[in-house]
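# Understanding the architecture of this molecule
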Amino acid sequence: MTDGPEPISAEALRALQGELAQLRAERERVLGTLRGEEPVGDRADAADEVQRADQVARLDLRIAEVEGRIREGAVAGAPSTEVVGVGSTVAVRFSDGVEETVEISEVAEESELTLVTADSPLGRALLGRHAGETVGYETPGGPASAVVVSIGNGGARTA
């Protein structure tokens, strides 16, 4: 990761936009259950009201986080095609000779491309690397390595 705004992959952007829509809908639903200025009944009703108000506050925080990440991604622009970063599409050749195209993402979602989160062992190993470099990383089965064949951006495909 860099010190400046991080690019965002198309897949991560879609996932965040979907999460944002769900968060906003849930917030509206919970907000609709709050009584506002009406007097609350017994202590159980009051406790329930406080719990829903806390839930709205937590939703507001997450909404702000997601909106901020979407804005940051827009400011950062497209991922680099020179060095692997978040949002990069990377063709890698594993030590067994299998070549695969992966996208470095913040979130794991289903896609045509294999998504690798930036905080996974392979993702961390690939960040900051250039085409032609070999990376080493740990797997549950032990150490592994892969060669960065090429780097594209979120929409590019390498076979």
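Residues numbered from 1 in each chain as written. Predicted model: local features only at pLDDT ≥ 70, side-chain atom pairs only at ≥ 80, totals over all residues. Heavy atoms only, no water.

## Structural notes on the environment of Glu106
Worth spelling out the cut-off: Under the scheme used here, helices are H or I runs from DSSP no shorter than 4 residues and strands are E runs no shorter than 2 residues, and both carry numbers assigned from the N terminus. Exposure is judged per residue with a 1.4 Å probe applied to protein chains only, and the accessible area is read against the type maximum: over 50% gives exposed, under 20% gives buried, and values in between give partly exposed. Any two residues having at least one pair of non-hydrogen atoms within 4.5 Å are treated as being in contact.
By secondary structure assignment, the location of Glu106 is in the loop between strand S2 (99–105) and strand S3 (114–117). Look at Glu106 and you get partly exposed, because its relative accessible area is 32%. In this structure the C-alpha to C-alpha distance between Glu106 and Glu11, which are 95 residues apart in sequence, comes to 9.2 Å. Ignoring anything within four residues of it in the chain, the contact list for Glu106 reads Pro7, Ile8, Arg69, Val86 and Thr117.

## Regarding the sheet that holds strand S4 (residues 134–139)
Put simply, the rule reads: When DSSP finds two or more bridges between two strands, those strands count as paired. Whenever a helix is involved, its axis is fitted only over the stretch in contact; in every case the axis is a line through C-alpha atoms, and angles between N-to-C directions fall within 0 to 180 degrees.
Taking strand neighbours across the sheet as the criterion, the 5 strands line up as S3-S2-S1-S5-S4 in an open arrangement whose pairing is mixed. Only two strands of the sheet have a single partner each, and these edge strands are S3 and S4. Strand-to-strand twist across the sheet, computed as the mean angle between neighbouring axes with direction ignored, equals 45 degrees. As defined by bridge partners, S2 adjoins S3 across 4 bridges and the pair is classed as parallel. Bridge pairing in S3 links Val102 to Thr114.

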